[in-house]
Protein chains: 2
Amino acid sequence: MLSDTPMRMTKQRKVILERLRSVTSHPTADEMYEMVRQDLPKISLGTVYRNLELMSEEGVVLKIDVGGSKKRFDGNTSTHYHLRCLNCGRVDDLHMEPVKGVEAEAAILSGYQVMTHSLEVRGLCPACGKKNTKSN
Amino acid sequence: MLSDTPMRMTKQRKVILERLRSVTSHPTADEMYEMVRQDLPKISLGTVYRNLELMSEEGVVLKIDVGGSKKRFDGNTSTHYHLRCLNCGRVDDLHMEPVKGVEAEAAILSGYQVMTHSLEVRGLCPACGKKNTKSN
DNA sequence: GTCGTTGCAAACGGTTTGCACCGTC
DNA sequence: GACGGTGCAAACCGTTTGCAACGAC
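As a starting point, this report considers the structure included with it. (Residues numbered from 1 in each chain as written. Chains lettered and ligands numbered in written order. Predicted model: local features only at pLDDT ≥ 70, side-chain atom pairs only at ≥ 80, totals over all residues. Heavy atoms only, no water.)

So, the protein's contact with DNA strand D
As a structural note, the neighbourhood of DNA strand D is formed by 18 residues, with Thr10, Arg13 and Thr47 of chain A together with Arg8 and Tyr49 of chain B the closest of them. Those atoms of DNA strand D that come within 4 Å of the protein belong to sugar or phosphate at a rate of 70%. Here a phosphate oxygen of DNA strand D and a side-chain polar atom of Tyr49 of chain B are 2.4 Å apart. One nitrogen or oxygen atom from the side chain of Arg50 of chain B is found 3.4 Å from a base oxygen belonging to DNA strand D. The set of elements that each furnish at least two residues to the surface near DNA strand D consists of α1 (11-22) and α3 (45-57) of chain A together with α3 (45-57) of chain B. Residues that form the surface near DNA strand D fall into these classes: 5 nonpolar, 5 polar and 8 charged. (Near = heavy atom within 4 Å. Polar contact = N/O pair within 3.5 Å; in protein donor to acceptor, adjacent residues only side chain to side chain. Helix = DSSP H or I, 4+ residues; strand = E, 2+ residues; numbered from the N terminus. Nonpolar A, V, L, I, M, F, W, Y, C, P; charged D, E, K, R; others polar.)

Let's talk about the protein's contact with DNA strand C
The full set close to DNA strand C counts 19 residues, and Arg8, Tyr49 and Lys70 of chain A together with Arg13 and Thr47 of chain B are the nearest of them. The sugar-phosphate share of atoms of DNA strand C within 4 Å of the protein amounts to 71%. Between a base nitrogen of DNA strand C and a side-chain N or O atom of Arg8 of chain B, the distance comes to 3.3 Å. Looking at the surface near DNA strand C, the elements that each hand over two or more residues are α3 of chain A together with α1 (11-21) and α3 of chain B. Here the residues of the surface near DNA strand C sort into 5 nonpolar, 6 polar and 8 charged.

A word on the nonpolar core
Within the largest apolar cluster, 26 residues are counted, with the highest numbers of intra-cluster contacts made by Leu94 of chain A together with Leu94 and Leu119 of chain B. Broken down by secondary-structure element, the contributors of at least two residues to this core are β3 (81-85), α4 (102-110) and β5 (113-124) of chain A together with β3 (81-85), α4 (102-110) and β5 (113-124) of chain B. With near-sequence residues (within four places) excluded, Leu94 of chain B lies in contact with Ala106 and Leu109 of chain A together with Tyr81, His82, Leu83 and Val121 of chain B. (Core = buried A, V, L, I, M, F, W, Y, C linked by side-chain atoms within 4.5 Å. Buried < 20%, exposed > 50% of the residue type's maximum accessible area, 1.4 Å probe, protein only. Contact = heavy atoms within 4.5 Å.)

Observations concerning the side chain of Glu120 of chain B
Tracing the backbone through its elements, the reader meets Glu120 of chain B in strand β5. On the basis of relative accessible area, Glu120 of chain B is assigned to the buried category, the value being 3%. A distance of 3.2 Å separates the side chain of Glu120 of chain B from the side chain of Arg84 of chain B, its partner in a polar contact. If we ignore the near neighbours within four places in the chain, the residues touching Glu120 of chain B are Thr116, His117 and Ser118 of chain A together with Val66, Gly67, His82 and Arg84 of chain B.

With respect to the pattern of salt bridges
Throughout the structure, instances matching the rule amount to 16 salt bridges over all chains. A salt bridge links Arg19 of chain B to Asp39 of chain B; the nearest nitrogen and oxygen atoms lie 2.9 Å apart. Taken together, the residues Arg19 of chain B in helix α1 and Asp39 of chain B in the loop between α2 (29-37) and α3 connect sequence positions 20 residues apart. With a shortest N-O distance of 3.1 Å, Arg37 of chain B and Glu34 of chain B are connected by a salt bridge. Note that Arg37 of chain B and Glu34 of chain B are positioned in helix α2 at a spacing of 3 residues, about one turn of the helix. Each member of the salt-bridge network shares a partner with another, and the members are Arg84, Glu120 and Arg122 of chain A. (Salt bridge = Lys/Arg side-chain N within 4 Å of Asp/Glu carboxyl O.)

Function-wise, these values are silent; they only describe arrangement.
The structure is reproduced here in structure tokens:
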């Protein structure tokens, strides 16, 4: 998983990581781009993509590639589940114990060499749920 | 969820549904396009997309929008989990009991109005796992 | 005959990539 | 100074959409 040559610590990389770790939301690449531009106005979107991708490969950040067209990123790399609002697209952490044994059970049932699992609960976030009840 | 005016049963729609139900794999839209073209050589990719989207809204088929860049479709609409191979991208059914209580627990913890949940186990499928062990 | 559906092609949106220059090690 | 990283812009690829013709009801 870790590459042979270590990543150079450029200021772009540093700011991206700091910014991502400073929020509890799960920004998309272009949301990260907007955040990082406050410190580095000349950074390019390509650099943001490259670094988020690279750091997720290194296990420094988590790529949330689950539902929806845009990928999202998370500074918290420990296994945890997510909630996604079907109306506004927002993603929250689900503070729940990871289900025990799924990976082992899946490996036995399928013959896969299991590496991780993810669980996503979908519905309406409190804000969107409220709106919806009113209009219906 | 169901629309007011019923869907017209065009031959395109019929063939797409038949083909999807006849396989146990989880085809992408363009794989469906190739399959359907055997019966309807003049069908367009746009029609395939439109119908898969429409039928998934109607609950006739299942859209698997979880991980990976392409969406996949499933003729089996009952709640079930999936396995995804990180090497070849193939998706298999995970024949496992859905985890009880996740949705209720998530609703309580988060205040979301929960509608569904999905779980995806990722790793290497038996074929890719074998190749990988040899080369490493 | 109406109006939902189709085929076509062009547009879209998120992401990736080639390239010449730049800055970390 | 080497070589990995950057900014920029163009390319990519899956998907969506506008439109005129078509066909299910």
